[in-house]
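Chain residues, written in single-letter form:
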Amino acid sequence: AQSVTQLGSHVSVSEGALVLLRCNYSSSVPPYLFWYVQYPNQGLQLLLKYTSAATLVKGINGFEAEFKKSETSFHLTKPSAHMSDAAEYFCAVSDTQAGTALIFGKGTTLSVSS
Amino acid sequence: DVKVTQSSRYLVKRTGEKVFLECVQDMDHENMFWYRQDPGLGLRLIYFSYDVKMKEKGDIPEGYSVSREKKERFSLILESASTNQTSMYLCASSLWDAGYTFGSGTRLTVV
């Protein structure tokens, strides 16, 4: 069975600092991996996705993530945090069988201080 | 602009009521999903559908049912609402091998 673990339910950074949100997955087949962001009182928005092409994936708003098979990880990074990045972030996995529902992690809340 | 529309942003219902949550997408997507979101638990899959009149149970289907009579509409039904079903409900749709498009969510309170 697939699963996703997000390490750290809450991460705090200063504006301009590196953002690192951790995600580890478990999957018996090559996975598809996703990061979503949720701003207060809104639905989830796709940040980026990995679907077995390049291992370094660039997304919107300056975020990127690297797929590391040996570490079963898909950590999300951004070189310089902005106040507007404060939100909840979810990692999700599905296997490569078409149409399988996504399994989400429990989320990480990112706080950015000035 | 393509979207997934959930009919209500906020809903308050009484214990024992039958509750309908509606979701409509205008992207001609085959797949539609219902999740509930609770603090500290992330998103948990309730039901999903790959085609009209098809449905599959997710991880927490108990107390819920769904209906998909048309491709664009996927309804979640709480047969007899209970206080432990107070939650944020998120609908999503997708094409094969693509990410989801989410609605804005319905915050349901059962009193």
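Cut-offs applied
Residues numbered from 1 in each chain as written. Chains lettered and ligands numbered in written order. Predicted model: local features only at pLDDT ≥ 70, side-chain atom pairs only at ≥ 80, totals over all residues. Heavy atoms only, no water. Helix = DSSP H or I, 4+ residues; strand = E, 2+ residues; numbered from the N terminus. Buried < 20%, exposed > 50% of the residue type's maximum accessible area, 1.4 Å probe, protein only. Contact = heavy atoms within 4.5 Å. Salt bridge = Lys/Arg side-chain N within 4 Å of Asp/Glu carboxyl O. Disulfide = S-S within 2.5 Å. Buried area = accessible area lost by both parts, 1.4 Å probe. Polar contact = N/O pair within 3.5 Å; in protein donor to acceptor, adjacent residues only side chain to side chain. Nonpolar A, V, L, I, M, F, W, Y, C, P; charged D, E, K, R; others polar.

Here's the deal with the environment of Ala101(A)
Here's step 1: Among the structural elements, Ala101(A) can be located in the loop between β9 (87–95) and β10 (103–104).
Here's step 2: We classify Ala101(A) as buried; its relative accessible area is 6%.
Here's step 3: Among residues more than four places away in sequence, those in contact with Ala101(A) are Val93(A), Ser94(A), Phe33(B), Tyr35(B), Leu45(B), Phe48(B), Tyr50(B) and Tyr100(B).

So, the pattern of salt bridges
Here's step 1: Applying the stated criterion to the full structure yields 8 salt bridges over all chains.
Here's step 2: Lys58(A) is paired through a salt bridge with Glu64(A); the nearest N and O atoms lie 2.8 Å apart.
Here's step 3: On the basis of relative accessibility, which here comes to 62%, the residue Lys58(A) falls in the exposed class.
Here's step 4: Residue classification places Glu64(A) among the partly exposed residues on the basis of a relative accessible area of 22%.
Here's step 5: Here Lys71(B) makes a salt bridge to Asp28(B), at a shortest N to O gap of 3.0 Å. You can see Lys71(B) sitting in the loop between β8 (64–70) and β9 (73–78) and its partner Asp28(B) sitting in the loop between β4 (23–25) and β5 (31–38), a full 43 residues away along the chain.
Here's step 6: With a relative accessible area of 26%, Lys71(B) lands in the partly exposed category.

Examining the state of the cysteines
Here's step 1: Taken as a whole and assessed by the stated rule, the structure comprises 2 disulfides over all chains.
Here's step 2: Each disulfide pairs two cysteine sulfurs, and for Cys23(A) the partner residue is Cys91(A), the sulfurs being separated by 2.0 Å. One disulfide, between Cys23(A) and Cys91(A), carries an S-S torsion of -65° and so falls in the left-handed class. Here Cys23(A) is found in strand β3 (residues 19–26), whereas its partner Cys91(A) is found in strand β9, with 68 residues between them in sequence. The same class applies to Cys23(A) and to Cys91(A), which are both buried.
Here's step 3: For Cys23(B), the disulfide goes to Cys91(B), at an S-S distance of 1.9 Å.

Concerning the interface of chain B and chain A
Here's step 1: Each side of the interface is counted separately: chain B has 23 residues, and chain A has 20 residues.
Here's step 2: Summing the contributions of chain B and of chain A, the shared interface buries around 1,600 Å²; its carbon and sulfur component is 55%.
Here's step 3: Summed over the shared surface of chain B and chain A, the result is 0 salt bridges.
Here's step 4: Inspection of the region where chain B meets chain A yields 5 residue pairs in polar contact (both at pLDDT 80 or more).
Here's step 5: Where the side of chain B that touches chain A is concerned, the elements lending two or more residues are β5 and β6 (42–49) of chain B.
Here's step 6: For the side of chain B that touches chain A, the residue count by class is 13 nonpolar, 7 polar and 3 charged.

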